Amino acid sequence: MAKNKEILRGADIFCRALKDEGVKHLFGYPGGAVLHIYDALYKQDAVEHILVRHEQGATHAADGYARATGKPGVVLVTSGPGATNAVTGIATAYLDSIPLVVFTGQVPRAMIGNDAFQEVDSIGITRPCVKHNFLVKDVKDLATTIKKAFYIATSGRPGPVVVDIPKDVTADSCEYEYPKTVVMPSYKPVLKGHPGQIKKAADLILAAKKPMIYSGGGVILGESSKELREFTKLLGYPITNTLMGLGAYKATDKQFVGMLGMHGTYEANMAMHQCDVLIAIGVRFDDRVTGDLEKFCPNAKIIHIDVDPSSIAKNVPVDVPIVGDVKHVLKDLIGLLKADIKNLDKKVIKPWWKQIDEWRAIDCLKFDRTTDVIKPQYVIEKLWELTKGDAYVTSDVGQHQMWAAQFYKFDKPRRWINSGGLGTMGFGIPAAMGVKMAFPDETVACISGEASLVMCIQELSTCLQYNTGIKILSLNNRYMGMVRQWQEFFYDKRYSHSYMEALPDFVKMAESYGHVGMRIEKTSDVEGAIKEALALKDRTVLMDFVTDQTENVYPMIGAGKGHHEMHLSTDIKRELA
Amino acid sequence: MRHIISLLMDNEAGALSRVAGLFSARAFNIESLTVAPTEDPDVSRMTVVTNGSDAIVEQIMKQLNKLIDVIKVVDLNDTRHIERELMLIKVSTKKAARDEVRCLVDIFRGRIIDVTENTYTVEMTGTCDKLDAFIEALDHDLILEVVRSGVSGISRGDKPIQS
Ligand SMILES: Cc1ncc(C[n+]2csc(CCOP(=O)(O)OP(=O)(O)O)c2C)c(N)n1
């Protein structure tokens, strides 16, 4: 006879399963459909529940937590509006392949489909923006479904998984046993790359005269930063990172040529345009990276390593596709290259480096350092210096995000946390909160703009409740800066609805939430303010930097343009002329 | 080019909408889609007829494979295969000679499965082309109602597509 298993209610199974899964933090917001679960949460202490102030905040906080730790972020929301509020955060995680498990309450089974109070078809609404979703129809399936959800969210190409649980399922009881593993015949992510393809790649790599390594978020998600560094060092080739890949390679290393793409550096984009072998690792050839596909890497043979076959040859035809886990493939590739490295004549790429250094000398990120009007780039540079490049930095969406990516030199993976794919304003504060919960002793900064900032401002209450000391740097240009920039360039300076009127007093706002507010108006005050904020270890500080209203992000590749057709700042253009 | 894609998937509520949703969300074309359980009640078999360049069909295959419920995807165009579609068609026999319609049905190897004073209901299976040709051959004014099942496909030879 098998030993008797415990009989538990669905709501308790939920809590126990999270515990057995090793979940420490659950970001959530209660409501009718999840009240049994909230009651069960009350009676346990294995999982800490963090009460957010809006369900979007819960998903972004869990997302930030996941990006910083590599562990899945876990969310609990109620049915109907709870679920719909969570959708933006789920989609944000989906586009950046972040492992989340989001539990949504649902109306009792018998009422599904009746337009019951707070009923929405959460499975239907989230279907296009999840890796997978489940409706739990029987309490007996609950534990296995939770196990599957975590397995799917975290394996292969990660992503959010939604588990919709009707209220009566959480009231039903059954025997509880948390499965150790799950077998899903229809889901088997690949690990190993094809040896023949890896050999082909190695040969191509060693024969390159103008090689370029282009690596992305996949390297971070695949925990293969170490392998990427070894690979790049072994070859001595130039490397660029995507917005999502920053930190996978050391930004302060000589071989790093900066971020590429729409606001990438001159040297990275020019090198993309002229390379003869492109080694793409854990990237998806996003349109913000490639520019016009017709003009993309015209002379290059392309090697593409990715765990998701559907990423390969989706936008750009590839010469050597390798489907596999980045870590495994890089290890195999390094093995092959090491055996052949004597054949690598480092002199061959000398002229290529010389060319790259010439592009670099243009100093495309240069900005005016003489004015007392605060330049946004300067603020970020100072933050980088004062945190010794070692902070966790989240951002919202807009110019400030691009400047953060350009000027905070990330030397470690999982330090740069931003919504790259969906570009969700409102991401920064809750994400920073999630990171800080995971790493209470680390410095966590959120770089934001005054428009993005207020999109999830309510989470400042959560920061107070849980004593989550984050440092918010708002680059306040009184514009939706990125929108203004496009209007300046492409709409003849018709600044339609991009001006932020009726802004609140941010200092008072921070104070009213129980935090510290600062307003900084002069360049000479920037350093002191950041120092002061950092010294207030456990406090949340909102720094309202009044910045140059008309500063633009350069370089910029406009729509329909190639990597070699960047806008540079007027100063640089003048110097070059 | 026209492709016939065959897939096996878990017979779960919602699996169909995942496939249909994928096609609409990614702007892939669906000409027809059929689905029913297989000999294993936990597994459904679906046949999708689509149109697209090689690159698009490659993406369709990859995206379908990525769906967690999907067990196996095969592009039947890659192998020798048979396709069949069932059509039920109600034809008016008021104006035309009933003999003429019956004759046409015979030529196309259909069957008349219901008869009224004014109509024949015809059952016919075959490739899409054959069904199209039958419709063409009929006087358009005689056609009262057409019901087509969409294409089902299977590979030729010994080897089954299995989960
Ligand atoms: C939720 C959402 N709505 C709209 C946009 C479009 N958008 C992108 S950047 C931007 C302006 C952001 O302004 P701000 O936060 O002040 O940052 P800045 O560009 O000035 O640095 C807008 C409206 C978006 N990305 N997300």
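About the cut-offs
- Residues take numbers from 1 onward in each chain, read along the sequence in its written order.
- Here chains are named by letter from A upward and ligands by number from 1 upward, in the order in which they appear as written.
- In view of the model being predicted, local features appear only for residues whose pLDDT reaches at least 70, and side-chain atom pairs are presented and counted only at 80 or more, with totals across whole chains, interfaces and linings using the full set of residues.
- Side-chain descriptors were evaluated using all non-hydrogen atoms of the structure, hydrogens and water having been removed beforehand.
- Nonpolar side chains (Val, Leu, Ile, Met, Phe, Trp, Tyr) are joined into patches within 5 Å and like charges within 9 Å, using only residues with over 30% relative accessible area and no salt bridge.
- Methods summary: accessible areas were calculated by the Shrake-Rupley approach with a probe of 1.4 Å, and residue burial reflects only the protein chains presented.
- The term salt bridge refers to a side-chain nitrogen of Lys or Arg lying within 4 Å of a carboxyl oxygen of Asp or Glu.
- Only DSSP runs of H or I reaching four residues or more are called helices, and only runs of E reaching two or more are called strands; each is numbered from the N terminus.
- Here a residue is near a molecule or strand as soon as one of its heavy atoms is found within 4 Å of it.
- Residues adjacent in sequence count toward polar contacts only when both atoms are side-chain atoms; beyond that, a polar contact is any pair of N or O atoms within 3.5 Å, and within protein one must be able to donate a hydrogen and the other to accept it.
- Amino acids are sorted into nonpolar (Ala, Val, Leu, Ile, Met, Phe, Trp, Tyr, Cys and Pro), charged (Asp, Glu, Lys and Arg) and polar (every other residue, Gly among them).
- Whether two residues touch is decided by their heavy atoms; if any such pair falls within 4.5 Å, the residues are in contact.
- In this analysis, the protein atoms alone were mapped onto a 1 Å grid. Cavities are point sets where a 1.4 Å probe fits without being able to get out; pockets are open sets with protein on both sides within 12 Å along at least five of seven lines; lining residues have an atom within 4 Å of a point.
- Grid points are joined across faces, edges and corners, and a volume is the space filled by probe spheres set on the points.
- To estimate the expected span of a helix, count its residues, drop one, and scale the result by 1.5 Å.
- The buried label applies to any residue whose accessible area, calculated with a 1.4 Å probe on protein chains only, is under 20% of its type's maximum; exposed applies above 50%, and partly exposed to all values in between.
- Two strands make a pair as long as DSSP finds a minimum of two bridges between them.
- Helix axes are fitted to C-alpha atoms over the stretch in contact, other axes to C-alpha atoms as well, and angles between N-to-C directions run from 0 to 180 degrees.
- The hand of a helix crossing depends on one turn: near helix anticlockwise from the far one by less than a right angle means left-handed, and clockwise means right-handed.
- Ring geometry is summarised as follows: Phe, Tyr and Trp rings, the Trp one being its six-membered ring, pair when their centres sit within 6.5 Å, and such pairs are stacked at plane angles under 30 degrees, edge-to-face over 60 and tilted between the two.
- An automatic or database domain assignment is the source of the domain bounds shown.

1. Overview of a nonpolar patch on the surface
Together, Leu86(B), Leu88(B), Ile113(B) and Val147(B) make up a nonpolar patch on the protein surface, roughly 280 Å² of accessible area in all. Within the fold, Leu86(B) resides in strand 5 (residues 81-92).

2. A word on the site of the ligand
Residue and element names in this part refer to chain A. Near the ligand there are 17 residues, and of these Gln399, His400, Gly423, Ser452 and Gly481 occur at the shortest range. Within the contact set of the ligand, an oxygen atom lies 3.2 Å away from a backbone nitrogen or oxygen of tyrosine 479. Within the backbone of methionine 482, an N or O atom sits 2.9 Å from an oxygen atom of the ligand. For the ligand, whose unbound accessible area comes to 590 Å², protein coverage reaches 76%. The set of elements that each furnish at least two residues to the shell around the ligand consists of helix 16 (399-407), helix 18 (450-453) and helix 20 (481-490). Its residues placed into classes, the shell around the ligand shows eight nonpolar, eight polar and one charged.

3. Looking at the interface of chain A and chain B
Frequently, the measure chosen for interface size is the accessible area that the parts lose on association. The interface of chain A with chain B comprises 17 residues on the first partner and 15 residues on the second. Remark: the boundary between chain A and chain B carries one salt bridge. Its salt-bridge partner being Lys66(B), residue Asp308(A) comes within 2.8 Å of it at the nearest N-O pair. If you look at where chain A meets chain B, you find nine residue pairs in polar contact (both at pLDDT 80 or more). Broken down by class, the residue content of the side of chain A that touches chain B amounts to seven nonpolar, four polar and six charged.

4. Overview of the layout of surface pockets
The calculated volume of the second largest pocket comes to roughly 1,100 Å³. Lining the second largest pocket are 47 residues, and of these Tyr94(A), Asp308(A), Ser310(A), Gln63(B) and Lys66(B) sit closest to its centre. Secondary structure elements with two or more residues in the lining of the second largest pocket: helix 4 (81-95) and helix 12 (287-290) of chain A together with helix 1 (15-25), helix 2 (54-66) and strand 4 (70-75) of chain B. With five residues, helix 1 of chain B is the largest single contributor of residues to the lining of the second largest pocket.

5. Focus: helix 3 (residues 55-69) of chain A
Residue and element names in this part refer to chain A. Between the first and last C-alpha of helix 3 there are 21 Å, a value that for 15 residues agrees with the 21 Å anticipated at 1.5 Å per step. Most of helix 3 sits inside the fold, with 15 of its 15 residues counted as buried. Phi for glycine 70, located one or two positions after helix 3, is positive at around 85 degrees.

6. Quick look at the pattern of salt bridges
Proximity of charged atoms lets side chains of opposite charge pair with each other. Residue and element names in this part refer to chain A. By the definition in use, this model includes 45 salt bridges over all chains. Among the salt bridges present, the one from lysine 295 reaches glutamate 565, with a minimum N-O distance of 3.1 Å. Of this pair, lysine 295 sits in the loop between helix 12 and strand 13 (301-306) while glutamate 565 sits in the loop between strand 20 (541-546) and helix 23 (570-576), placing them 270 residues apart in sequence. For lysine 295, a relative accessible area of 28% gives the class partly exposed.

7. Some points on the pairing of strand 5 (residues 100-106) of chain A
Residues in a regular strand project their side chains so that they alternate between the two faces of the sheet. All names here are of chain A. Strand 5 sits mainly inside the fold: seven of its seven residues count as buried. Where burial is concerned, the two faces of strand 5 agree: the one with Leu100, Val102, Thr104 and Gln106 and the one with Val101, Phe103 and Gly105 are both buried. As defined by bridge partners, strand 4 (residues 73-77) adjoins strand 5 across five bridges and the pair is classed as parallel. In the strand pairing of strand 5, leucine 76 is matched with phenylalanine 103. In this sheet, strand 7 (residues 160-166) lies alongside strand 5 in parallel orientation, the contact comprising seven bridges. By the bridge assignment for strand 7, phenylalanine 103 is matched with valine 163.

8. Examining the sheet that holds strand 4 of chain B
The pairing of strands in a sheet comes from backbone hydrogen bonds and takes either a parallel or an antiparallel form. All names here are of chain B. If you trace the four strands from one edge of the open sheet to the other, you get 2-3-1-4, paired in antiparallel fashion. Two strands bound the open sheet, and with one partner strand each, they are strand 2 (32-37) and strand 4. For this sheet the average axis-to-axis angle between neighbouring strands, irrespective of direction, equals 15 degrees. Two elements, strand 1 (residues 2-10) and strand 3 (residues 43-51), share nine bridges in a ladder whose sense is antiparallel. Each bridged residue has a counterpart across the sheet, and for serine 6 the counterpart in strand 3 is threonine 47. Sheet strands touched by helix 1: strand 1, strand 2 and strand 3. Its angle to strand 1, the strand with the most contacts, is close to 145 degrees.

9. What about the packing of helix 1 of chain B against helix 2 of chain B?
Residues and elements named next belong to chain B. Interaxial distance between helix 1 and helix 2 falls to 11 Å at its minimum, and their mutual angle equals 145 degrees. For the crossing formed where helix 1 meets helix 2, the hand is right-handed. Across the interface between the two elements, Val19, Leu22 and Phe23 of helix 1 pack against Ile60, Gln63 and Leu64 of helix 2. Of the residues belonging to the contact of helix 1 with helix 2, the class tally is five nonpolar, one polar and no charged.

10. Regarding the packing of aromatic side chains
All names here are of chain A. By the definition in use, this model includes 18 aromatic pairs over all chains. Ring centres of phenylalanine 14 and phenylalanine 103 lie 4.8 Å apart, and the angle between their planes is 85 degrees; this geometry places the pair in the edge-to-face category. Separated by 89 residues along the polypeptide, phenylalanine 14 in helix 1 (residues 10-21) and phenylalanine 103 in strand 5 bring together distant segments of the chain. One exposure class covers both phenylalanine 14 and phenylalanine 103, and it is buried.

11. Brief notes about the domain arrangement of chain B
All names here are of chain B. Under the domain assignment used here, chain B contains domain 1 (2-79) and domain 2 (82-152). Computed from C-alpha coordinates alone, the two centres of domain 1 and domain 2 are separated by 29 Å. The interface is formed by seven residues belonging to domain 1 together with six residues belonging to domain 2. The interface formed by domain 1 and domain 2 includes one salt bridge. Elements represented by at least two residues in the side of domain 1 that touches domain 2 include exactly strand 1, strand 2 and strand 3. No other element matches the three residues that strand 2 contributes to the side of domain 1 that touches domain 2. Of the residues contributing to the side of domain 1 that touches domain 2, the split by class is three nonpolar, three polar and one charged.

12. Topic: unusual backbone geometry
All names here are of chain A. The omega torsion across tyrosine 554 and proline 555 is -10 degrees, close enough to zero to call that bond cis. As for its placement among the helices and strands, proline 555 is situated in the loop between strand 20 and helix 23. Of note in the backbone geometry, glutamine 118 takes a positive phi value of approximately 55 degrees without being a glycine. For glutamine 118, the position within the fold is in the loop between strand 5 and helix 5 (122-126). On the basis of relative accessible area, glutamine 118 is assigned to the partly exposed category, the value being 26%. Positive phi, close to 50 degrees, is recorded for phenylalanine 285, a residue that is not glycine. Among the structural elements, phenylalanine 285 can be located in the loop between strand 12 (277-281) and helix 12.

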